[in-house]
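# Structural overview for review
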Amino acid sequence: MWPGICRNSHATKVDDANTERLDIGCQRDEARSSRCRPSGSSQRRTAVVECHFEVAAFRSCQANPITSPISGVSNRHDDADRAPTLITFRQRMNINSVAPLIEQCTTTDGSRFKLDRAVAAFRQFGKNLHADDIAHVTLQRQAMRLSEQSVSAIAKRMDVEGYMHYQPAPDIRRALDIAKMRDVVVSLARAKIPTVFAFVYDEFWLTYWEFHNVIKAALGQREFFLLPDFWVWHVDAKEGEAGWAIHRDAGARSLLSDRETGAVSAWIPLVDVNTVTGCVMVVPKERDPDFGTDRVSQITFDVRDIRALPGCAGDLMLWDQALLHWGSRGSVFSETPRISMSIGIQVASLSPLNLPLLKPDVLPSVGLRLEMVAKQILQYSRHAAVAPEWCDVARVIFASGLSGITYELPPDWRLST
Ligand SMILES: O=C(O)CCC(=O)C(=O)O
């Protein structure tokens, strides 16, 4: 993922029989670990959300000017809090032009999101999914384990080519709620709600927990944090839609001092993807003369080196955030939209590429998830062609204090009064 504003050597069939079509894969038997281990040195933990932030680290972040949390003081508002200026705001936002689901979540004047209503509305909308369901999260809180061979195969692929494609064994794939996740993305798209709102649901976070050890292997076994850089795509090739244009995510600043991978994007298709539906395309690290720079040029590499990343629903594609890549335009004959999700991840030892960093094994509260969704809408509005009224919804979310954390927002992320 582009951080903030700005983001298959068939090698090694390391596991066995169930991994027939794998690049790299594993089986649940060998694979199920107990739980994700807590991550982050104690020094780094201060800069990480569980909902605590380190203000200084946040302020010194040179990435996108997101929000600077000032304190942990709650900033909740309710219906009584209706300044006349906000009525003006509501007219500008034109609440009628956004989906009814959102209207259910706001105060009657449209000026504030209400957390309880939002949770109820999203629960209704994605009936088969969970939103802040502690019992469900506790049950699902696990990560597949990897053999040593898998770990070294992953590390080698990242080192040489800067990307890898992990195909989980069937039993692990079955345990993921991929079909339900796909369905809610389709419903959001049909309701004309930005599909990134899917990150309100627990399942979207839990899927990354399952891949914890794969991600860690790609990062040289280093501890890592999730970045507040995520998106959910519903790209309809039949309608001529394409994925995101050519870019490097965080680029050179994501590399460690020896040009090792310091950050990855973790992209998961929720339907089978190929060149017909559209998929991610990369220029492997070793074939890209500009790797390690921030140059994004279509003339320096040899087009024969472009690699398409087709895959099955529930696979994991990981690439170095310095890698050149894009989302292709599929065929008008595609029978299904390309649905996928991605989140940025960085090693704990690297300066934050964006803030707030999120602990990989702590589910953000729903309030914080909504604020992070709002952040994505505002930071990616240009790349993802988000309608202006949704940017206004995002401003309302930020103004509502749902996480209980007070932020210093860039001026254009604030409600105008
Ligand atoms: O899915 C896409 O179209 C692009 C994905 C991407 O560029 C990313 O996740 O960084």
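Residues numbered from 1 in each chain as written. Predicted model: local features only at pLDDT ≥ 70, side-chain atom pairs only at ≥ 80, totals over all residues.

Turning our eyes to something else, we now look at the overall build of the protein. Within the protein, the secondary structure is distributed over 14 helices and 12 strands. Every one of the 417 residues in the protein was classed for burial, and the buried ones make up 52%. (Helix = DSSP H or I, 4+ residues; strand = E, 2+ residues; numbered from the N terminus. Buried ≥ 20, exposed ≤ 12 C-beta atoms within 10 Å, placed from the backbone.)

For the rest of this paragraph, the subject is the site of the ligand. In the vicinity of the ligand there are 13 residues, among which Met-1, Gly-243, Trp-244, Gly-327 and Ser-342 approach most closely. Here the shell around the ligand is built from residues that sort into five nonpolar, six polar and two charged. (Near = placed C-beta within 6 Å. Nonpolar A, V, L, I, M, F, W, Y, C, P; charged D, E, K, R; others polar.)

As a further point, take the packing of helix 13 (residues 366-379) against helix 14 (residues 388-399). Where helix 13 contacts helix 14, the two axes come as close as 9 Å, and the packing angle between them is 145°. The two elements helix 13 and helix 14 cross, and the hand of that crossing is left-handed. Residues Leu-370, Glu-371, Ala-374, Ile-377 and Leu-378 of helix 13 lie in contact with helix 14, whose contacting residues are Trp-390, Cys-391, Ala-394, Ile-397 and Phe-398. Along the lines of polarity and charge, the residues of the contact of helix 13 with helix 14 split into nine nonpolar, no polar and one charged. (Axes fitted to C-alpha atoms, helices over the stretch in contact; angles between N-to-C directions. Left-handed = near helix turned anticlockwise from the far one by under 90°. Contact = placed C-beta atoms within 7 Å.)

Bringing helix 13 into the picture now. Residues lying three or four places apart along an α-helix face the same way, a consequence of the helix completing one turn every 3.6 residues. If you check helix 13, its first and last C-alpha atoms are 20 Å apart, about what 14 residues at 1.5 Å a residue would give, namely 20 Å. A large share of helix 13 lies buried, amounting to 14 of its 14 residues. (Expected span 1.5 Å × (residues − 1).)

The two faces of strand 3 (residues 163-166) match: Tyr-163 and His-165 on one face and Met-164 and Tyr-166 on the other face are all buried. In this sheet, strand 8 (residues 316-320) lies alongside strand 3 in antiparallel orientation, the contact comprising four bridges. Looking at the pairing, Tyr-166 lines up with Leu-316 of strand 8. (Pairing = 2+ DSSP bridges.)

Each regular strand shows side chains that alternate between the opposite faces of the sheet. In the sheet, strand 6 (residues 280-283) pairs with strand 7 (residues 307-309) via three bridges, with the strands oriented antiparallel. By the bridge assignment, Val-282 is partnered in strand 7 with Arg-307. Sheet analysis places strand 6 next to strand 9 (residues 324-327), joined by four bridges and oriented antiparallel. Residue Val-283 lies in a different strand from strand 9, and its bridge partner there is Leu-324.

Turning next to the sheet that holds strand 9. Ordered by their spatial adjacency, three strands build an open sheet running 7-6-9, and the pairing between neighbours is antiparallel. A single partner strand is all that each edge strand has here, and the edge strands are strand 7 and strand 9. Within this sheet the neighbouring strands show an average axis-to-axis angle of 25°, counted without direction.

That bond from Leu-355 to Pro-356 is cis: its omega, 0°, falls within 30 degrees of zero. Positive phi outside glycine occurs at Asp-132, with the angle close to 65°. By secondary structure assignment, the location of Asp-132 is in the loop between helix 6 (115-125) and helix 7 (134-140). With phi around 65°, Gln-221 is a residue other than glycine that occupies positive phi space. Relative to the helices and strands, Gln-221 is located in the loop between helix 12 (212-218) and strand 4 (224-235).

What follows concerns the nonpolar core. Of all hydrophobic cores here, the largest spans 113 residues; its most connected members are Ala-198, Phe-199, Val-200, Ile-215, Ala-218, Ala-266 and Leu-318. In terms of residue count, the dominant contributor to this core is strand 4 (nine residues). When residues no more than four places from it in sequence are discounted, the contact partners of Val-200 are Phe-122, Ala-131, Val-366, Arg-369, Leu-370 and Val-373. (Core = buried A, V, L, I, M, F, W, Y, C linked by C-beta atoms within 7 Å.)

Of all the positions in helix 6, only Leu-115, Ala-118, Ala-121, Phe-122 and Phe-125 are classed as buried. Projection of helix 6 onto a plane perpendicular to its axis shows the buried side chains occupying an angular sector of 125°, all on one side. In this structure, helix 6 carries Asp-116 and Gln-124 as exposed residues pointing more than 90 degrees from its buried face. Contacts made by the buried residues of helix 6 are with helix 5 (100-105), helix 10 (178-190) and helix 13. (Arc of directions from axis to C-beta.)

If you trace the backbone, Thr-107 turns up in the loop between helix 5 and helix 6. The spacing of Thr-107 and Arg-117 is 10 residues in sequence and 9.2 Å in space, taken between C-alpha atoms.

With respect to the element layout, Leu-176 can be found in the loop between helix 9 (170-175) and helix 10. Linking Leu-176 and Gly-314, residues 138 residues apart in sequence, is a C-alpha distance of 7.3 Å. The residues touching Leu-176, leaving out its near neighbours within four places in the chain, are Thr-207, Glu-210 and Gly-314.

Before going further, it helps to examine the confidence of the model for the protein. For the protein, per-residue confidence averages 83 on the pLDDT scale, and 77% of positions sit at 70 or higher. Segment residues 25-67 is flagged for pLDDT under 50; beyond a separation of four residues in sequence, or across chains, it makes 121 contacts in the model. (pLDDT = per-residue confidence, 0-100.)

Right, let's talk about the environment of Ser-365 for a bit. Along the chain, the position of Ser-365 falls in the loop between strand 11 (357-358) and helix 13. Assessed through the 18 C-beta atoms surrounding it within 10 Å, Ser-365 is described here as partly exposed. In this structure, the C-alpha to C-alpha distance between Ser-365 and Ser-403, residues 38 residues apart in sequence, is 7.1 Å.

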